[in-house]
Amino acid sequence: ELSPSLDKADLERSLGRVINTQGKVGAWCTSKIDSMTFSIEKALAAVESGNYKHAWDACEFFRAKDKYDAECNYIQGVILFYGYGRSADKTWGKTRLETASRTGYTAATLELAHISIDVEKRLSDVRATRATLEGLTRSVSATIEQKGYAFMLLGNLEKRIQDEKNFGTKSYHDVQKLYEKSSELNYWPVFVARG
C-alpha cells in the first residue's frame, strides 16, 4: 500500500511459494543449527570475530562429546595464549596449539610459527620453523590463504633474522621476494607488511 508502483501480484506469488516451503525450510534450518559441523564452523568464526566466550563454550561442549579435538585445541590454545576473554596462560595455550599441530591442523601450525617469529622475544629453532613454513607453501592440503600466510611468515622470519644480525645497512631483498609470493596469492595482510 505504501508503494503504489510495486507489482503486488508478483509479491503475493513469491510469498505463497515461501509459505508452501516454510516447513521444509524450517526443518533444514533446524538440522543445520543442530549440526556439529555447523557449530564448529561457528566456533572457528567466533575466534576470528572476537566472540571468544562462544568459541570457548562450544569447545567445552565438543570436548564432553569427544569431537573436534584438533579444532578445539587450536581455538582454546589461541584464547589461552593471548588471554582473550580470560587470564593468559602462554604455556598451556602453546601446549594446546602444539597438540593440534601434531594432528596436522594447519591453522595451529601457522599460529605456532607466528608466535615463534612475531611474538616471542627470542627466535628459537629457526631451521625447523623455516622448513615447516616452506612445506606448507607446497602442501596440497593447505588452502591458498594458508599458503599466502606461510609466505608472509617466511618473509617476517627473514626480516627478523636480518634485524637481529645486522646493525648497519640491511637488504630486505629476500623478504620482498617472499612478500611478493604472498601477494600473488592475494593474501591481503601482506600488503600492510610490505608497506
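The rules we used
- Residues numbered from 1 in each chain as written.
- Predicted model: local features only at pLDDT ≥ 70, side-chain atom pairs only at ≥ 80, totals over all residues.
- Heavy atoms only, no water.
- Helix = DSSP H or I, 4+ residues; strand = E, 2+ residues; numbered from the N terminus.
- Buried < 20%, exposed > 50% of the residue type's maximum accessible area, 1.4 Å probe, protein only.
- Areas by Shrake-Rupley, 256 points an atom, 1.4 Å probe, with all protein chains shown as cover.
- Patch = residues over 30% accessible without salt bridge, like charges linked within 9 Å, V, L, I, M, F, W, Y side chains within 5 Å.
- Salt bridge = Lys/Arg side-chain N within 4 Å of Asp/Glu carboxyl O.

Caption draft 1: Broad picture of the overall build of the protein. Within the protein, the regular secondary structure consists of ten helices and zero strands. Along the protein, helices and strands appear, N-terminal first, in the series α-α-α-α-α-α-α-α-α-α. Among the 195 residues that make up the protein, the fraction classed as buried is 35%. Roughly 12,400 Å² of accessible area belongs to the protein as shown, and the carbon and sulfur atoms make up 53% of that amount.

Caption draft 2: A look at a nonpolar patch on the surface. On the surface, Leu11, Leu15 and Ile19 cluster together into a nonpolar patch covering about 290 Å² of accessible area. Inspection of the secondary structure assignment puts leucine 15 in helix α1 (residues 8-34). Leucine 15 gets classed as partly exposed once you look at its relative accessible area, which sits at 46%.

Caption draft 3: View of unusual backbone geometry. Phi at aspartate 66 is positive, roughly 55°, even though this residue is not glycine. Mapped onto the fold, aspartate 66 is located in the loop between α3 (52-64) and α4 (69-82). With a relative accessible area of 65%, aspartate 66 lands in the exposed category. With a phi close to 50°, aspartate 125 is a non-glycine residue in the positive phi region. For aspartate 125, the position within the fold is in the loop between α6 (106-119) and α7 (126-138). Assessed through its relative accessible area of 54%, aspartate 125 is described here as exposed.

Caption draft 4: Summary view of the pattern of salt bridges. Within the structure shown, the criterion is met by six salt bridges. One salt bridge connects glutamate 120 with lysine 94, and the closest N-O pair in it is separated by 2.4 Å. Of the two residues, glutamate 120 is situated in the loop between α6 and α7 and lysine 94 in helix α5 (residues 90-102); the sequence distance between them amounts to 26 residues. Note on glutamate 120: relative accessible area 21%, which makes it partly exposed. On the basis of relative accessibility, which here comes to 25%, the residue lysine 94 falls in the partly exposed class. A salt bridge links glutamate 164 to arginine 160; the nearest nitrogen and oxygen atoms lie 2.8 Å apart. Taken together, the positions of glutamate 164 and arginine 160, both in helix α8 (residues 144-165) and four residues apart, correspond to about one turn of that helix.

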